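Observations on chain architecture
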Amino acid sequence: MDKTARITRLVLPGHTNRHGSLFGGTALSYMDEAAGIVSTRVARGPVVTAHIDSVDFKAPIWQSEAVVVKAELVDIGTSSMRIRVDTWGECLEEGTLRHCTTAEFVMVAIDQHGRPRPIPKVSRDDLAQDVD
Ligand SMILES: CC(C)(COP(=O)(O)OP(=O)(O)OC[C@H]1O[C@@H](n2cnc3c(N)ncnc32)[C@H](O)[C@@H]1OP(=O)(O)O)[C@@H](O)C(=O)NCCC(=O)NCCS
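Residues numbered from 1 in each chain as written. Predicted model: local features only at pLDDT ≥ 70, side-chain atom pairs only at ≥ 80, totals over all residues.

**Regarding the sheet that holds strand β4 (residues 80–91)**
We apply this condition: Strand pairing is assigned whenever DSSP detects at least two bridges linking the two strands. What counts as a helix is a DSSP run of H or I of at least four residues, what counts as a strand is a run of E of at least two, and both are numbered from the N terminus. All axes here are fitted lines through C-alpha atoms, helices being fitted over the stretch that makes contact, and every angle between N-to-C directions spans 0 to 180 degrees. Residues are defined as contacting one another if the C-beta atoms placed from their backbone atoms lie within 7 Å.
Read across the sheet, 5 strands follow the order β1-β3-β4-β5-β2 without closing on themselves; strand pairing throughout is antiparallel. At either margin of the open sheet sits one strand with a lone partner, and together these are β1 (4–10) and β2 (47–57). For this sheet, the mean inter-axis angle between neighbouring strands, taken without regard to orientation, is 25 degrees. In the sheet, β4 pairs with strand β5 (residues 96–109) via 12 bridges, with the strands oriented antiparallel. Pairing of Trp88 across the sheet is with His99, part of β5. In the packing of helix α1 (residues 24–43) onto the sheet, contacts are made with β1, β2, β3 (66–76), β4 and β5, and the angle to β3 comes to roughly 40 degrees.

And the structure:
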């Protein structure tokens, strides 16, 4: 099972603040989407974002750059998953990447009533195999 997800988006004028860099809320929505992809795959069903830890916007991502978002599962609980998410600004013309944002998301698997649900055994076994 792939425990990572990567999203690449172009930073267009509608995505920027008045300084010409990617709006923080938009960056967070891309990060949430990437964390959602990884956690839904691991949980084999619906998830919600329960917590976002230590979001550090270390550098701006400029208009006309691409924003590259990578999410990776770092820990698994009973119903929760901890996902590290990083972003980079990519200058497409130069082929360079600058690390810009880091955060940890806690995603929780939910049942049809919106209550926490255990992560399925099949995903735990798959993860245990990766560690062996
Ligand atoms: C997330 C939610 C389902 C948790 O429900 P709850 O009844 O409080 O759940 P519990 O206290 O039993 O915790 C369930 C798990 O979530 C974890 N968790 C819940 N809130 C957390 C938080 N704020 N930070 C870190 N972990 C959290 C618990 O540690 C537990 O993990 P485990 O099962 O791996 O041991 C509930 O708070 C909720 O629906 N929140 C709204 C989610 C939402 O709308 N998100 C935005 C849009 S997706």
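**A short note on α1**
Note the threshold: The span expected for a helix works out to 1.5 Å for each residue beyond the first. In this scheme every C-beta is placed from the backbone, and a residue whose C-beta has 20 or more other C-beta atoms within 10 Å is buried, one with 12 or fewer is exposed, and one in between is partly exposed.
If you check α1, its first and last C-alpha atoms are 28 Å apart, about what 20 residues at 1.5 Å a residue would give, namely 28 Å. Within the span of α1, buried status applies to Ala27, Tyr30, Met31, Ala34, Ala35, Val38, Ser39, Val42 and Ala43. Just downstream of α1 lies Arg44, where phi reads positive at about 55 degrees.

**Considerations on the site of the ligand**
What counts, and what does not: We call a residue near a molecule or strand when the C-beta position, derived from backbone atoms, sits within 6 Å of it. Amino acids are sorted into nonpolar (Ala, Val, Leu, Ile, Met, Phe, Trp, Tyr, Cys and Pro), charged (Asp, Glu, Lys and Arg) and polar (every other residue, Gly among them).
Near the ligand lie 13 residues; those nearest to it are His51, Gly77, Thr78, Ser79 and Ser80. If you list the elements that add at least two residues to the shell around the ligand, you get β2 and β5. It is β2 that provides the largest number of residues to the shell around the ligand, a total of 4 residues. Tallied by class, residues from the shell around the ligand come to 6 nonpolar, 7 polar and no charged.

**Quick look at the nonpolar core**
Put simply, the rule is: A set of buried residues drawn from Ala, Val, Leu, Ile, Met, Phe, Trp, Tyr and Cys, joined through C-beta atoms within 7 Å, is what defines a nonpolar core.
Among the nonpolar cores identified, the biggest contains 28 residues, and Ala34, Ala35, Ile83 and Val85 are the most heavily contacted of them. Put simply, the parts of the chain that give this core at least two residues each are α1, β3, β4 and β5. Among the elements that line this core, the one with the most residues is α1, at 8 residues. What Ala35 contacts, discounting residues up to four positions off in sequence, is Ala71, Ile83, Val85, Phe105 and Met107.

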